[in-house]
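Architecture and fold: a report
Here are the chains, one letter per residue:
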Amino acid sequence: MDEIKKELFYEQKNGYDLIGTDERIKMENYSAAYMSYLNDARTEREAVKLAIELAEAKGFKEYKVGSELKPGDRIYRNNRGKALMLAVIGEKCLCEGAVIAGAHVDAPRIDLKQKPLYETDELAYFKTHYYGGIKKYQWVTIPLELHGVVALKNGELVDIAIGRDADDPQFVITDLLPHLAKDQVSKTMAEGITGEGLNILIGSAPYAGEGSDRVKLAVMSILNDRYGICEEDFLSAELTAVPAFDVREIGLDRSLIGGYGHDDRVCAFAELQAMFDMDEVPSKTCVCLLADKEEIGSMGVSGMQSQAFECFMEDLCEQQGASLRRCFENSFCISADVNNAFDPNFPEVSEKRNEAKLNYGVGICKFTGARGKSGTSDASAEVVAHLRRIFADNSVVWQMCELGKVDQGGGGTIAQYMANRNIDTIDAGVPVLSMHAPFEVVSKFDCYMTYKAVLSAYNEKY
Ligand code: MN
Ligand code: MN
(Lines give C-alpha, C1' and ligand atoms only; values in the text may rest on other atoms or scores of the structure.)
(Ligands and ions follow the chains in the order given, each with its own letter.)
Protein backbone atom coordinates (compact mmCIF):
# COMPACT_ATOMS: atom_id res chain seq x y z
CA MET A 1 0.00 0.00 0.00
CA ASP A 2 2.91 2.34 0.70
CA GLU A 3 4.02 1.98 -2.90
CA ILE A 4 0.70 2.99 -4.34
CA LYS A 5 0.38 5.83 -1.86
CA LYS A 6 3.75 7.13 -2.96
CA GLU A 7 2.59 7.00 -6.54
CA LEU A 8 -0.80 8.65 -6.07
CA PHE A 9 -0.54 11.02 -3.14
CA TYR A 10 0.99 14.48 -3.12
CA GLU A 11 3.31 14.81 -0.17
CA GLN A 12 5.63 17.60 0.78
CA LYS A 13 8.86 17.35 2.68
CA ASN A 14 10.78 19.78 4.82
CA GLY A 15 13.25 21.47 2.51
CA TYR A 16 16.22 20.46 4.65
CA ASP A 17 15.47 16.82 3.81
CA LEU A 18 15.76 17.61 0.12
CA ILE A 19 19.12 19.36 -0.21
CA GLY A 20 22.71 18.29 0.25
CA THR A 21 25.78 19.99 1.67
CA ASP A 22 26.60 21.80 -1.58
CA GLU A 23 23.20 23.46 -1.66
CA ARG A 24 23.44 24.36 2.01
CA ILE A 25 26.71 26.15 1.42
CA LYS A 26 25.20 28.05 -1.50
CA MET A 27 22.20 28.87 0.67
CA GLU A 28 24.43 30.32 3.40
CA ASN A 29 26.42 32.41 0.92
CA TYR A 30 23.25 33.69 -0.68
CA SER A 31 21.76 34.54 2.71
CA ALA A 32 24.85 36.49 3.76
CA ALA A 33 24.68 38.60 0.59
CA TYR A 34 20.97 39.22 1.11
CA MET A 35 21.43 40.21 4.76
CA SER A 36 24.04 42.76 3.78
CA TYR A 37 21.71 44.23 1.11
CA LEU A 38 18.75 44.44 3.49
CA ASN A 39 20.86 46.04 6.19
CA ASP A 40 21.80 48.91 3.88
CA ALA A 41 18.50 49.28 1.98
CA ARG A 42 16.22 50.97 4.52
CA THR A 43 13.98 52.82 2.04
CA GLU A 44 12.85 52.34 -1.55
CA ARG A 45 15.34 55.01 -2.65
CA GLU A 46 18.22 53.28 -0.87
CA ALA A 47 17.12 49.89 -2.22
CA VAL A 48 17.21 51.28 -5.77
CA LYS A 49 20.52 53.08 -5.29
CA LEU A 50 22.16 49.97 -3.92
CA ALA A 51 20.65 47.78 -6.65
CA ILE A 52 22.15 50.10 -9.29
CA GLU A 53 25.58 49.92 -7.65
CA LEU A 54 25.42 46.11 -7.60
CA ALA A 55 24.10 45.97 -11.16
CA GLU A 56 26.78 48.30 -12.55
CA ALA A 57 29.43 46.12 -10.94
CA LYS A 58 27.91 43.24 -12.94
CA GLY A 59 28.08 45.12 -16.22
CA PHE A 60 24.60 46.69 -16.37
CA LYS A 61 24.47 50.11 -18.01
CA GLU A 62 21.83 52.82 -17.95
CA TYR A 63 19.85 52.51 -21.17
CA LYS A 64 20.07 55.48 -23.51
CA VAL A 65 16.87 55.74 -25.50
CA GLY A 66 17.45 54.86 -29.15
CA SER A 67 20.72 53.01 -28.62
CA GLU A 68 21.03 49.66 -30.33
CA LEU A 69 20.51 46.46 -28.40
CA LYS A 70 22.04 43.06 -29.01
CA PRO A 71 21.56 39.71 -27.27
CA GLY A 72 23.41 39.64 -23.95
CA ASP A 73 23.23 43.41 -23.37
CA ARG A 74 22.60 44.29 -19.74
CA ILE A 75 20.69 47.50 -19.20
CA TYR A 76 18.63 49.32 -16.61
CA ARG A 77 16.35 52.31 -16.26
CA ASN A 78 16.12 54.24 -13.02
CA ASN A 79 12.56 55.51 -12.50
CA ARG A 80 13.02 58.70 -10.47
CA GLY A 81 15.29 57.04 -7.94
CA LYS A 82 12.39 55.06 -6.47
CA ALA A 83 11.86 52.18 -8.85
CA LEU A 84 14.18 50.28 -11.14
CA MET A 85 13.81 48.18 -14.28
CA LEU A 86 16.63 45.96 -15.50
CA ALA A 87 16.85 43.77 -18.58
CA VAL A 88 19.17 41.23 -20.14
CA ILE A 89 18.45 41.07 -23.86
CA GLY A 90 17.65 37.59 -25.13
CA GLU A 91 18.26 35.74 -28.39
CA LYS A 92 14.64 35.85 -29.43
CA CYS A 93 12.72 38.89 -30.61
CA LEU A 94 10.70 40.71 -27.97
CA CYS A 95 7.65 39.99 -30.14
CA GLU A 96 7.91 36.49 -28.65
CA GLY A 97 7.63 37.93 -25.17
CA ALA A 98 9.84 38.58 -22.16
CA VAL A 99 10.36 36.75 -18.89
CA ILE A 100 9.56 39.23 -16.15
CA ALA A 101 10.01 39.08 -12.40
CA GLY A 102 8.54 41.95 -10.40
CA ALA A 103 9.03 42.72 -6.72
CA HIS A 104 8.57 45.89 -4.70
CA VAL A 105 11.12 47.78 -2.65
CA ASP A 106 8.84 49.99 -0.57
CA ALA A 107 7.91 48.75 2.92
CA PRO A 108 5.57 49.88 5.70
CA ARG A 109 7.07 52.78 7.62
CA ILE A 110 6.39 56.02 9.50
CA ASP A 111 6.63 59.03 7.17
CA LEU A 112 7.05 62.55 8.49
CA LYS A 113 4.22 64.98 7.73
CA GLN A 114 5.08 67.95 5.50
CA LYS A 115 4.96 70.29 8.52
CA PRO A 116 6.43 67.86 11.03
CA LEU A 117 8.41 69.84 13.56
CA TYR A 118 6.88 71.14 16.79
CA GLU A 119 7.65 71.69 20.44
CA THR A 120 5.37 70.94 23.34
CA ASP A 121 6.16 70.98 27.06
CA GLU A 122 9.80 71.69 26.26
CA LEU A 123 10.24 68.57 24.14
CA ALA A 124 10.61 68.54 20.34
CA TYR A 125 8.71 66.11 18.11
CA PHE A 126 8.01 65.16 14.51
CA LYS A 127 4.38 64.63 13.46
CA THR A 128 4.02 61.55 11.26
CA HIS A 129 1.70 59.90 8.78
CA TYR A 130 2.21 56.16 8.54
CA TYR A 131 2.70 54.44 5.16
CA GLY A 132 1.27 51.01 4.40
CA GLY A 133 -0.56 48.51 6.58
CA ILE A 134 0.90 48.65 10.07
CA LYS A 135 -0.24 47.55 13.52
CA LYS A 136 0.51 50.87 15.20
CA TYR A 137 1.23 49.48 18.65
CA GLN A 138 4.28 47.67 17.21
CA TRP A 139 5.99 50.95 16.31
CA VAL A 140 6.26 52.54 19.75
CA THR A 141 9.23 52.06 22.10
CA ILE A 142 11.51 50.73 19.36
CA PRO A 143 14.63 52.55 18.16
CA LEU A 144 14.04 54.41 14.89
CA GLU A 145 16.29 55.83 12.20
CA LEU A 146 15.51 58.78 10.00
CA HIS A 147 16.04 58.41 6.24
CA GLY A 148 15.07 60.29 3.14
CA VAL A 149 15.64 63.35 1.04
CA VAL A 150 15.01 67.06 1.22
CA ALA A 151 14.49 68.72 -2.17
CA LEU A 152 15.62 72.35 -2.00
CA LYS A 153 14.09 75.20 -4.01
CA ASN A 154 17.32 75.52 -5.98
CA GLY A 155 16.92 71.94 -7.29
CA GLU A 156 19.52 70.42 -5.00
CA LEU A 157 18.65 67.14 -3.31
CA VAL A 158 19.91 66.61 0.24
CA ASP A 159 20.22 62.97 1.36
CA ILE A 160 19.47 62.34 5.00
CA ALA A 161 20.31 59.22 7.00
CA ILE A 162 20.53 59.48 10.78
CA GLY A 163 20.75 56.50 13.08
CA ARG A 164 22.42 53.83 10.95
CA ASP A 165 26.01 54.60 11.99
CA ALA A 166 27.02 53.25 15.38
CA ASP A 167 27.71 56.72 16.82
CA ASP A 168 24.56 58.34 15.37
CA PRO A 169 21.67 59.23 17.66
CA GLN A 170 18.36 57.41 17.14
CA PHE A 171 14.70 58.28 17.73
CA VAL A 172 11.67 56.79 19.43
CA ILE A 173 7.91 57.05 19.81
CA THR A 174 7.06 56.71 23.50
CA ASP A 175 4.27 54.65 25.07
CA LEU A 176 2.38 54.91 28.31
CA LEU A 177 3.76 53.23 31.43
CA PRO A 178 1.63 50.24 32.56
CA HIS A 179 1.07 51.92 35.92
CA LEU A 180 -1.13 54.56 34.25
CA ALA A 181 -2.45 52.50 31.34
CA LYS A 182 -5.71 51.32 32.89
CA ASP A 183 -7.80 53.07 30.24
CA GLN A 184 -5.40 52.37 27.38
CA VAL A 185 -5.18 48.61 27.90
CA SER A 186 -8.95 48.21 27.86
CA LYS A 187 -9.09 49.73 24.35
CA THR A 188 -8.85 47.55 21.22
CA MET A 189 -5.40 47.06 19.72
CA ALA A 190 -6.48 49.26 16.81
CA GLU A 191 -7.32 52.12 19.18
CA GLY A 192 -4.65 51.79 21.89
CA ILE A 193 -2.12 53.69 19.78
CA THR A 194 -3.60 56.11 17.25
CA GLY A 195 -2.21 57.48 14.00
CA GLU A 196 -1.98 60.99 15.43
CA GLY A 197 -0.27 59.53 18.50
CA LEU A 198 2.74 58.37 16.50
CA ASN A 199 4.85 61.44 17.30
CA ILE A 200 8.60 60.94 17.22
CA LEU A 201 10.68 62.37 20.08
CA ILE A 202 13.65 64.23 18.61
CA GLY A 203 15.06 66.49 21.30
CA SER A 204 14.87 68.02 24.75
CA ALA A 205 17.74 70.50 25.21
CA PRO A 206 16.74 74.17 24.78
CA TYR A 207 18.64 76.75 22.74
CA ALA A 208 20.51 79.13 25.04
CA GLY A 209 18.66 82.35 25.84
CA GLU A 210 15.10 83.48 26.45
CA GLY A 211 11.82 82.94 24.59
CA SER A 212 9.49 80.24 23.32
CA ASP A 213 10.20 77.10 21.24
CA ARG A 214 13.83 76.92 22.33
CA VAL A 215 14.02 73.11 22.01
CA LYS A 216 12.55 73.26 18.51
CA LEU A 217 15.08 75.96 17.67
CA ALA A 218 17.97 73.88 19.00
CA VAL A 219 16.88 70.87 16.91
CA MET A 220 16.39 73.01 13.80
CA SER A 221 19.81 74.56 14.20
CA ILE A 222 21.41 71.10 14.40
CA LEU A 223 19.66 70.14 11.15
CA ASN A 224 20.75 73.44 9.62
CA ASP A 225 24.38 72.88 10.63
CA ARG A 226 24.45 69.34 9.32
CA TYR A 227 22.25 69.59 6.21
CA GLY A 228 21.84 73.29 5.47
CA ILE A 229 18.06 73.09 5.69
CA CYS A 230 15.46 75.31 7.36
CA GLU A 231 11.93 74.50 8.53
CA GLU A 232 10.28 75.47 5.23
CA ASP A 233 12.35 72.81 3.43
CA PHE A 234 10.33 70.05 5.10
CA LEU A 235 7.52 71.04 2.73
CA SER A 236 9.42 69.43 -0.14
CA ALA A 237 10.97 66.56 1.77
CA GLU A 238 10.37 62.83 1.90
CA LEU A 239 11.58 61.81 5.32
CA THR A 240 10.70 58.56 6.96
CA ALA A 241 11.33 56.78 10.23
CA VAL A 242 12.24 53.12 9.92
CA PRO A 243 13.16 50.55 12.58
CA ALA A 244 16.80 50.76 13.59
CA PHE A 245 17.29 47.03 14.08
CA ASP A 246 20.23 45.38 12.37
CA VAL A 247 19.48 42.39 10.18
CA ARG A 248 20.38 39.34 12.25
CA GLU A 249 20.41 35.57 12.12
CA ILE A 250 17.62 34.20 14.28
CA GLY A 251 17.52 30.90 16.17
CA LEU A 252 20.22 28.81 17.81
CA ASP A 253 20.63 27.03 14.49
CA ARG A 254 20.84 30.39 12.65
CA SER A 255 18.32 29.08 10.12
CA LEU A 256 16.18 32.24 10.07
CA ILE A 257 16.76 35.89 9.24
CA GLY A 258 15.21 38.73 11.23
CA GLY A 259 15.06 42.23 9.83
CA TYR A 260 13.03 45.22 8.76
CA GLY A 261 11.63 45.25 5.21
CA HIS A 262 11.82 41.60 4.11
CA ASP A 263 8.47 42.44 2.47
CA ASP A 264 9.47 42.76 -0.27
CA ARG A 265 13.19 43.39 -0.47
CA VAL A 266 13.70 39.66 0.07
CA CYS A 267 12.13 39.00 -3.34
CA ALA A 268 13.72 42.10 -4.89
CA PHE A 269 17.15 40.74 -3.95
CA ALA A 270 16.25 37.26 -5.25
CA GLU A 271 15.42 38.78 -8.63
CA LEU A 272 18.53 40.92 -8.68
CA GLN A 273 20.85 38.06 -7.82
CA ALA A 274 19.12 35.90 -10.44
CA MET A 275 19.73 38.67 -13.02
CA PHE A 276 23.41 38.66 -12.09
CA ASP A 277 23.81 34.87 -12.14
CA MET A 278 21.74 33.96 -15.20
CA ASP A 279 23.10 32.71 -18.53
CA GLU A 280 24.99 35.33 -20.47
CA VAL A 281 22.49 35.28 -23.32
CA PRO A 282 19.03 34.07 -22.27
CA SER A 283 16.56 32.66 -24.75
CA LYS A 284 13.97 35.39 -24.11
CA THR A 285 14.72 38.87 -22.82
CA CYS A 286 14.67 38.79 -19.01
CA VAL A 287 13.31 41.73 -17.06
CA CYS A 288 13.62 42.52 -13.36
CA LEU A 289 11.27 45.07 -11.81
CA LEU A 290 11.82 46.74 -8.46
CA ALA A 291 8.63 48.70 -7.94
CA ASP A 292 7.60 51.35 -5.45
CA LYS A 293 4.21 52.09 -3.82
CA GLU A 294 3.00 48.47 -3.67
CA GLU A 295 2.12 48.87 -0.01
CA ILE A 296 -0.34 51.65 -0.82
CA GLY A 297 -1.89 50.25 -3.99
CA SER A 298 0.86 50.49 -6.65
CA MET A 299 -0.34 53.98 -7.59
CA GLY A 300 1.72 56.88 -8.85
CA VAL A 301 4.58 57.26 -11.31
CA SER A 302 6.84 54.84 -9.48
CA GLY A 303 4.16 52.21 -8.75
CA MET A 304 3.43 49.19 -10.93
CA GLN A 305 0.26 50.76 -12.33
CA SER A 306 2.44 53.46 -13.88
CA GLN A 307 3.09 53.64 -17.61
CA ALA A 308 6.80 53.85 -16.78
CA PHE A 309 6.89 50.10 -17.41
CA GLU A 310 5.26 50.43 -20.86
CA CYS A 311 7.64 53.27 -21.62
CA PHE A 312 10.71 51.14 -20.86
CA MET A 313 9.45 48.02 -22.64
CA GLU A 314 8.33 50.00 -25.69
CA ASP A 315 11.80 51.53 -25.99
CA LEU A 316 13.25 48.01 -26.05
CA CYS A 317 10.62 46.74 -28.49
CA GLU A 318 11.29 49.63 -30.88
CA GLN A 319 14.90 48.53 -31.22
CA GLN A 320 13.70 45.18 -32.55
CA GLY A 321 10.75 46.40 -34.58
CA ALA A 322 8.47 44.51 -32.20
CA SER A 323 5.05 45.70 -31.09
CA LEU A 324 4.58 46.18 -27.37
CA ARG A 325 1.20 44.49 -27.32
CA ARG A 326 2.58 41.34 -28.98
CA CYS A 327 5.43 41.40 -26.49
CA PHE A 328 3.05 41.57 -23.52
CA GLU A 329 0.73 38.94 -24.93
CA ASN A 330 3.61 36.47 -25.13
CA SER A 331 5.30 37.41 -21.86
CA PHE A 332 5.33 35.59 -18.56
CA CYS A 333 5.62 37.34 -15.21
CA ILE A 334 6.49 36.13 -11.76
CA SER A 335 5.05 38.62 -9.30
CA ALA A 336 7.67 38.03 -6.64
CA ASP A 337 6.15 39.02 -3.33
CA VAL A 338 6.14 37.55 0.13
CA ASN A 339 3.31 35.45 1.54
CA ASN A 340 2.23 34.48 5.00
CA ALA A 341 4.06 31.67 6.79
CA PHE A 342 1.94 29.50 9.07
CA ASP A 343 2.51 30.72 12.64
CA PRO A 344 1.88 28.08 15.34
CA ASN A 345 1.18 30.94 17.76
CA PHE A 346 -1.85 31.93 15.69
CA PRO A 347 -3.24 28.74 14.13
CA GLU A 348 -6.80 30.07 14.27
CA VAL A 349 -6.35 32.35 11.22
CA SER A 350 -4.95 29.62 9.01
CA GLU A 351 -6.09 26.60 7.11
CA LYS A 352 -3.03 24.46 7.57
CA ARG A 353 -3.40 22.31 4.47
CA ASN A 354 -3.11 25.35 2.23
CA GLU A 355 -0.85 27.69 4.17
CA ALA A 356 2.84 28.21 3.42
CA LYS A 357 5.23 26.66 5.93
CA LEU A 358 8.70 27.88 6.77
CA ASN A 359 11.43 25.79 5.10
CA TYR A 360 9.09 24.28 2.53
CA GLY A 361 10.45 26.51 -0.23
CA VAL A 362 9.20 29.37 -2.38
CA GLY A 363 5.46 29.88 -1.95
CA ILE A 364 3.32 30.00 -5.09
CA CYS A 365 -0.09 31.68 -4.86
CA LYS A 366 -2.38 30.84 -7.76
CA PHE A 367 -4.55 33.66 -6.45
CA THR A 368 -4.51 36.25 -3.68
CA GLY A 369 -7.44 38.58 -2.91
CA ALA A 370 -10.08 38.46 -0.20
CA ARG A 371 -13.45 36.76 0.47
CA GLY A 372 -14.62 35.08 -2.76
CA LYS A 373 -11.22 35.65 -4.43
CA SER A 374 -12.12 39.29 -4.86
CA GLY A 375 -9.31 41.45 -6.21
CA THR A 376 -7.02 38.80 -7.65
CA SER A 377 -5.77 38.06 -11.14
CA ASP A 378 -5.85 34.28 -10.50
CA ALA A 379 -3.17 32.61 -12.62
CA SER A 380 -4.46 29.92 -14.99
CA ALA A 381 -3.94 26.21 -14.43
CA GLU A 382 -1.74 26.22 -17.52
CA VAL A 383 0.56 28.86 -16.00
CA VAL A 384 0.86 26.84 -12.78
CA ALA A 385 1.71 23.74 -14.80
CA HIS A 386 4.36 25.70 -16.71
CA LEU A 387 6.01 26.64 -13.41
CA ARG A 388 5.70 23.10 -12.02
CA ARG A 389 7.70 21.84 -14.96
CA ILE A 390 10.41 24.52 -14.70
CA PHE A 391 10.76 23.97 -10.96
CA ALA A 392 10.92 20.19 -11.33
CA ASP A 393 13.64 20.50 -13.99
CA ASN A 394 15.73 22.76 -11.74
CA SER A 395 15.24 21.18 -8.29
CA VAL A 396 13.40 24.22 -6.98
CA VAL A 397 11.66 23.36 -3.71
CA TRP A 398 8.28 25.07 -3.70
CA GLN A 399 4.87 24.99 -2.11
CA MET A 400 1.39 26.06 -3.16
CA CYS A 401 -0.21 28.39 -0.65
CA GLU A 402 -2.90 30.93 0.08
CA LEU A 403 -3.22 33.71 2.60
CA GLY A 404 -5.02 32.42 5.70
CA LYS A 405 -8.46 30.93 6.13
CA VAL A 406 -11.28 31.77 3.74
CA ASP A 407 -12.98 35.00 4.90
CA GLN A 408 -10.23 35.74 7.47
CA GLY A 409 -8.79 38.69 5.54
CA GLY A 410 -6.75 38.97 2.42
CA GLY A 411 -4.28 40.94 0.40
CA GLY A 412 -2.96 41.68 -3.03
CA THR A 413 0.28 42.23 -4.93
CA ILE A 414 1.37 43.75 -8.23
CA ALA A 415 0.19 40.56 -10.01
CA GLN A 416 -3.18 42.02 -10.97
CA TYR A 417 -1.59 45.05 -12.62
CA MET A 418 0.78 42.89 -14.65
CA ALA A 419 -2.05 40.54 -15.66
CA ASN A 420 -4.21 43.50 -16.71
CA ARG A 421 -1.51 44.24 -19.28
CA ASN A 422 -2.29 40.90 -20.94
CA ILE A 423 0.74 39.22 -19.36
CA ASP A 424 0.37 35.75 -17.83
CA THR A 425 1.28 36.36 -14.19
CA ILE A 426 1.62 34.31 -11.04
CA ASP A 427 2.59 35.17 -7.47
CA ALA A 428 5.68 33.56 -5.98
CA GLY A 429 7.68 34.54 -2.95
CA VAL A 430 9.12 33.98 0.47
CA PRO A 431 6.85 33.03 3.41
CA VAL A 432 7.20 35.54 6.26
CA LEU A 433 6.45 35.51 9.99
CA SER A 434 5.26 38.81 11.53
CA MET A 435 4.74 40.40 8.10
CA HIS A 436 4.65 44.23 8.16
CA ALA A 437 6.06 44.29 11.70
CA PRO A 438 9.19 46.35 12.40
CA PHE A 439 11.15 43.10 12.62
CA GLU A 440 10.00 40.35 10.22
CA VAL A 441 11.30 36.79 10.04
CA VAL A 442 12.03 34.59 7.01
CA SER A 443 13.89 31.31 6.56
CA LYS A 444 17.19 31.14 4.72
CA PHE A 445 16.01 28.06 2.88
CA ASP A 446 12.94 29.80 1.45
CA CYS A 447 14.97 32.88 0.47
CA TYR A 448 17.43 30.72 -1.43
CA MET A 449 14.66 28.76 -3.16
CA THR A 450 12.96 31.98 -4.27
CA TYR A 451 16.22 33.03 -5.90
CA LYS A 452 16.47 29.61 -7.57
CA ALA A 453 12.87 29.87 -8.75
CA VAL A 454 13.44 33.21 -10.49
CA LEU A 455 16.78 32.05 -11.89
CA SER A 456 15.25 28.94 -13.40
CA ALA A 457 12.49 31.00 -15.08
CA TYR A 458 15.10 33.37 -16.54
CA ASN A 459 17.30 30.50 -17.77
CA GLU A 460 14.50 28.42 -19.28
CA LYS A 461 14.96 27.63 -22.98
CA TYR A 462 11.74 28.94 -24.48
MN1 MN B 1 4.70 42.72 -0.46
MN1 MN C 1 3.30 44.16 2.18
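Residues numbered from 1 in each chain as written. Chains lettered and ligands numbered in written order. Predicted model: local features only at pLDDT ≥ 70, side-chain atom pairs only at ≥ 80, totals over all residues. Heavy atoms only, no water.

Attention shifts here to the overall build of the protein chain. Along the protein chain, the regular secondary structure elements total twelve helices and 22 strands. Over its C-alpha trace the protein chain gives a radius of gyration of 23 Å, about what one expects of a compact globule, namely 23 Å for 462 residues. On the principal axes, the C-alpha backbone points of the protein chain span a range of 80 × 60 × 45 Å. Across the protein chain, contacts joining residues at least 24 apart in sequence account for 75% of those joining residues at least 6 apart. Carbon together with sulfur atoms contributes 51% to the accessible area of the protein chain, which is approximately 21700 Å² in total. Put simply, the protein chain has 50 plus and 72 minus side-chain charges, and the middle of one group is 2 Å from the middle of the other. (Helix = DSSP H or I, 4+ residues; strand = E, 2+ residues; numbered from the N terminus. Rg over C-alpha atoms; globule rule 2.2 N^0.38 Å. Contact = heavy atoms within 4.5 Å. Areas by Shrake-Rupley, 256 points an atom, 1.4 Å probe, with all protein chains shown as cover. Lys, Arg positive; Asp, Glu negative; His and termini not counted. Charge placed at Lys NZ, Arg CZ, Asp CG, Glu CD.)

Attention now moves to the layout of surface pockets. Reported here for the largest pocket is a volume of approximately 1200 Å³. Taken together, 42 residues form the lining of the largest pocket, with Asn-340, Leu-403, Gly-410, Met-435 and His-436 sitting closest to its centre. (1 Å grid on protein atoms, 1.4 Å probe; cavity = no way out; pocket = protein on both sides within 12 Å on 5 of 7 lines; lining within 4 Å. Points joined across faces, edges and corners; volume = space filled by probe spheres on them.)

Reference values for coordination geometry: four tetrahedral donors around a metal ideally subtend 109.5 degrees, six octahedral donors ideally subtend 90 or 180 degrees. The manganese ion (ligand 1) binds to the protein through His-104 (NE2), Asp-263 (OD), Asp-337 (OD) and Asp-337 (OD); the donor distances cover 2.1 to 2.6 Å. Mapping the donors of the manganese ion (ligand 1) onto the primary sequence yields the spacing H-x158-D-x73-D. Between the manganese ion (ligand 1) and the manganese ion (ligand 2), a separation of 3.3 Å is found, and both are coordinated by Asp-263. On the criterion of sequence distance, the pair formed by His-104 in strand S4 (residues 98–104) and Asp-337 in the loop between strand S14 (332–336) and strand S15 (339–340) is long-range, its members being 233 residues apart. (Donors = N, O, S within 2.8 Å, 3.2 Å for Na, K, Ca; no water.)

Bringing the packing of aromatic side chains into the picture now. The tally for this structure, following the rule as stated, stands at 14 aromatic pairs. Relative to Tyr-451, the ring of Tyr-30 has its centre 4.9 Å away and its plane inclined at 25°; by these criteria the two rings are stacked. With a gap of 421 residues between them, Tyr-30 in helix H2 (residues 21–40) and Tyr-451 in helix H12 (residues 444–459) connect regions that are remote in the sequence. Taking the relative accessible area as the measure of exposure, Tyr-30 reaches 6% and is therefore buried. What links up through ring pairs into an aromatic cluster is the set Tyr-30, Tyr-34, Tyr-37, Phe-269, Tyr-448 and Tyr-451. (Phe/Tyr/Trp six-rings, centres within 6.5 Å; stacked < 30°, edge-to-face > 60°. Buried < 20%, exposed > 50% of the residue type's maximum accessible area, 1.4 Å probe, protein only.)

Pairing in this open sheet of three strands is antiparallel, and the strands run S11-S12-S22 from one edge to the other. At either end of the open sheet lies a strand with only one pairing partner, and these are strand S11 (248–250) and strand S22 (440–443). For this sheet, the mean inter-axis angle between neighbouring strands, taken without regard to orientation, is 35°. Contacts between H2 and the sheet are confined to S11 and strand S12 (256–259), with S12 contributing the most and set at about 5° to the helix. Contacts from helix H7 (residues 262–277) reach S12 and S22, with the element oriented near 35° to S22. (Pairing = 2+ DSSP bridges. Axes fitted to C-alpha atoms, helices over the stretch in contact; angles between N-to-C directions.)

Around the manganese ion (ligand 2), the donor atoms from the protein are Asp-263 (OD), Glu-295 (OE), Glu-295 (OE) and His-436 (NE2), and they sit 2.0 to 2.6 Å away. Read from N- to C-terminus, the donor residues coordinating the manganese ion (ligand 2) fall into the pattern D-x31-E-x140-H.

So, about the pattern of salt bridges. Using the criterion set out here, one finds 27 salt bridges in the structure. Of the charged contacts in the structure, one is a salt bridge between Arg-164 and Asp-246, with a shortest N-O distance of 2.9 Å. Within this pair, whereas Arg-164 is found in the loop between strand S8 (157–162) and helix H4 (182–185), its partner Asp-246 is found in the loop between strand S10 (237–243) and S11, the two being separated by 82 residues in sequence. With its nearest N and O atoms 3.2 Å apart, the salt bridge here joins Lys-293 to Asp-292. Note on accessibility: Lys-293 and Asp-292 belong to one class, buried. (Salt bridge = Lys/Arg side-chain N within 4 Å of Asp/Glu carboxyl O.)

By themselves, these figures tell us nothing about what the structure is for.
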